Amino acid sequence: KPFARQGIALDNKLQEGIAKAQGTNIKAFVGFETTKDEVIEVKVALSAVDIDGALKNLNAELPGWGFEDTRKKAFETWNKELSRIIVKGGSEDQKKVYYTALYHTFVQPNTFNDVDGRYRGIDKNIHTTDCFTNYTVFSLWDTYRAWHPLMTILDTARSNDFVKVMLNMYDKGGLLP
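The paragraphs below set out a description of the structure included in this document. Just so we're clear, the structure is a prediction, and the values are computed from it rather than from any experiment.

## Let's talk about a nonpolar patch on the surface
On the surface, a cluster of nonpolar side chains totalling about 410 Å² of accessible area is made up of Val163, Leu167, Tyr170 and Leu176. Here leucine 167 is to be found in helix α5 (residues 156–173).

Structure, rendered in structure tokens:
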């Protein structure tokens, strides 16, 4: 369904009707005219490179429509990640606490390249990778004590990519994260 209005909030002030803005506090919005109980599905894609990258990401990652199908695929994906460790024993509440904590270990870092391998490097230039997945948002404060060792057990492929990303950051920016 086409949206009825659009705009950008720049520095928390609504700017209806504009399509582009520059700054550090920018939010986009769209509005729909709806009837009572009408359901609207919206898809959004991101790219740190360009609009074409966002469209490619959208087509690759969410080609169809249907909230329930998307929800089911997300559930299956998270279930696969979380089933790397099967807990036996304990109460249901203890298992919920454990799997919630395990879920939090997989939320970040985030993939930071488009499906075609392009990414914006720490040097702000566009690069392409075909030998690792580029990640961002490494929360390194004390993670060497617990999180990184856990990832070397649970996900060696990603752990190797984490090291490659850090070395790539050094190559492009002169500093390790």
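Text resumes after the structure shown.
## Description of helix α1 (residues 51–61)
Residues of α1 that are buried: Gly53, Ala54, Asn57 and Leu58. Relative to the axis of α1, the buried residues are bounded by an arc of 135° and lie together on one face. Residues of α1 that are buried in the fold lie against β5 (118–120). Where α1 begins, the side chain of aspartate 50 points an oxygen toward the backbone nitrogen of aspartate 52, at a separation of 3.3 Å.

## A look at the pattern of salt bridges
Oppositely charged side chains can pair when the atoms bearing their charge come close. In total, this model carries 11 salt bridges according to the counting rule given. The salt bridge involving lysine 95 is made with glutamate 92; its shortest N-O contact spans 3.9 Å. Pair noted here: lysine 95 and glutamate 92 are both in helix α3 (residues 92–107), with a separation of 3 residues, about one helical turn. The class of glutamate 92 is exposed, set by a relative accessible area of 55%. The network of salt bridges with shared partners includes Asp50, Lys56, Asp114, Asp116 and Arg118.

## Focus on the environment of histidine 148
Locating histidine 148 in the fold gives a position in helix α4 (residues 147–154). Each C-alpha atom, one on histidine 148 and one on leucine 58, is 30 Å from the other, the two residues being 90 residues apart in sequence. The contacts of histidine 148, once residues within four sequence positions are left out, are Leu140, Thr143, Phe162 and Met166.

Rules of the game
Residues numbered from 1 in each chain as written. Predicted model: local features only at pLDDT ≥ 70, side-chain atom pairs only at ≥ 80, totals over all residues. Heavy atoms only, no water. Patch = residues over 30% accessible without salt bridge, like charges linked within 9 Å, V, L, I, M, F, W, Y side chains within 5 Å. Areas by Shrake-Rupley, 256 points an atom, 1.4 Å probe, with all protein chains shown as cover. Salt bridge = Lys/Arg side-chain N within 4 Å of Asp/Glu carboxyl O. Helix = DSSP H or I, 4+ residues; strand = E, 2+ residues; numbered from the N terminus. Buried < 20%, exposed > 50% of the residue type's maximum accessible area, 1.4 Å probe, protein only. Arc of directions from axis to C-beta. Contact = heavy atoms within 4.5 Å. Polar contact = N/O pair within 3.5 Å; in protein donor to acceptor, adjacent residues only side chain to side chain.

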